[in-house]
Amino acid sequence: MANTETKLLPPPEHIAIIMDGNGRWAKKRGLPRTAGHAAGAEAFRRIANYCRTLGVRYLTVYAFSTENWKRSQDEVEGIMRLLRKYLEEALRDMEKNRVSFRFFGDLSRLSPKLQKMCLDAQSRSQDYDVQVNFCLNYGGRDEIVRAARCFAQDVLEGKHAPEDLTEDLMSSYLYSADVPDPELIIRPSGEMRTSNFLLWQSAYSEYVFMDVLWPDFGPEDLDRAIEEYHRRNRRFGGT
Ligand code: FPP
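Residues numbered from 1 in each chain as written. Predicted model: local features only at pLDDT ≥ 70, side-chain atom pairs only at ≥ 80, totals over all residues. Heavy atoms only, no water.

Student: Please give an account of the site of the ligand that cites residues and values.
Tutor: Taken together, 18 residues lie around the ligand, and Met19, Gly23, Arg24, Arg33 and Arg71 are the ones closest in. For the ligand, an oxygen atom lies 3.2 Å from a polar atom in the backbone of Asn22. One nitrogen or oxygen atom from the main chain of Gly23 is found 3.0 Å from an oxygen atom belonging to the ligand. Protein contacts shield 91% of the accessible area of the ligand, which totals 630 Å² for the unbound molecule. Of all the secondary-structure elements, those providing two or more residues to the shell around the ligand are α2 (22-28), α3 (33-54) and α4 (73-92). When residues in the shell around the ligand are grouped by element, the largest group, five residues, is from α3. Looking at side-chain class alone, the shell around the ligand contains eight nonpolar, six polar and four charged residues. (Near = heavy atom within 4 Å. Polar contact = N/O pair within 3.5 Å; in protein donor to acceptor, adjacent residues only side chain to side chain. Areas by Shrake-Rupley, 256 points an atom, 1.4 Å probe, with all protein chains shown as cover. Helix = DSSP H or I, 4+ residues; strand = E, 2+ residues; numbered from the N terminus. Nonpolar A, V, L, I, M, F, W, Y, C, P; charged D, E, K, R; others polar.)

Student: So what about the pattern of salt bridges? Which residues, and what values?
Tutor: Under the defined criterion, the tally for this structure stands at 21 salt bridges. The shortest N-O distance in the salt bridge between Arg98 and Asp129 comes to 3.1 Å. Residue Arg98 is found in the loop between α5 (94-97) and β3 (99-104), and its partner Asp129 is found in the loop between α6 (112-124) and β4 (130-138); the two are separated by 31 residues along the sequence. The class of Arg98 is partly exposed, set by a relative accessible area of 35%. Arg224 is the partner of Asp221 in a salt bridge, and the nearest nitrogen-oxygen pair spans 2.9 Å. Of this pair, Asp221 and Arg224 are both found in helix α9 (residues 219-231), three residues apart, which corresponds to roughly one turn of the helix. The class of Asp221 is buried, set by a relative accessible area of 10%. Taken together, the shared-partner salt bridges connect Asp20, Arg24, Arg187, Glu191 and Arg193 into one network. (Salt bridge = Lys/Arg side-chain N within 4 Å of Asp/Glu carboxyl O. Buried < 20%, exposed > 50% of the residue type's maximum accessible area, 1.4 Å probe, protein only.)

Here is the structure:
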């Protein structure tokens, strides 16, 4: 399963993944798109477990974007159902699994039941081995606009002066406040776009684009992405 070579190298502290290709995976098999998302949820379980084995501290996944509401009601409901099912299990097994949760995105558009599950999962989370950040009703531009509005409000209320704004202060207004930026962002399925994912946080991330569809993504694929990450010479704009 896991590649011994990768195991010798320290994994990135924070890996982010655009879980793409569920629809194509289902189409290839003549199945409804929802079946692709169900297989995608299984792939997520596998990878979250494997991240814990490797010692990855943060795993951020794009589960539902601000644009995904444009999909059919059937598909949207299917994804929401999978999320509820997953969170139900996660809440039940939290101590055993040692996974904590954060949610990046505007949860107010989700059903009251799902919102409650997200808030419960977040509030019951402790300093467990892995922190999963679920991007739900998330958009990178939307996140930056919201942060700018909050800062403007704090200026109006006299808590800050405009010139107080630094990169660090701006970061503290984002959903990801207190979470280090991802060193590695993986996009499976052959697409080579960022699709509004972690726009601010990805300034120095290494992107690894892979041909595998997300439901087929396994530990060996994560090993390959981490190996590619280690092959690159990360200079942060220096020499
Ligand atoms: C992108 O593939 C995937 C999504 C929009 C949804 C991702 C959701 C899941 C993996 C299930 C969520 C639940 C858990 C527990 C993580 P696509 O549908 O755009 O694929 P395509 O580009 O092949 O059509």
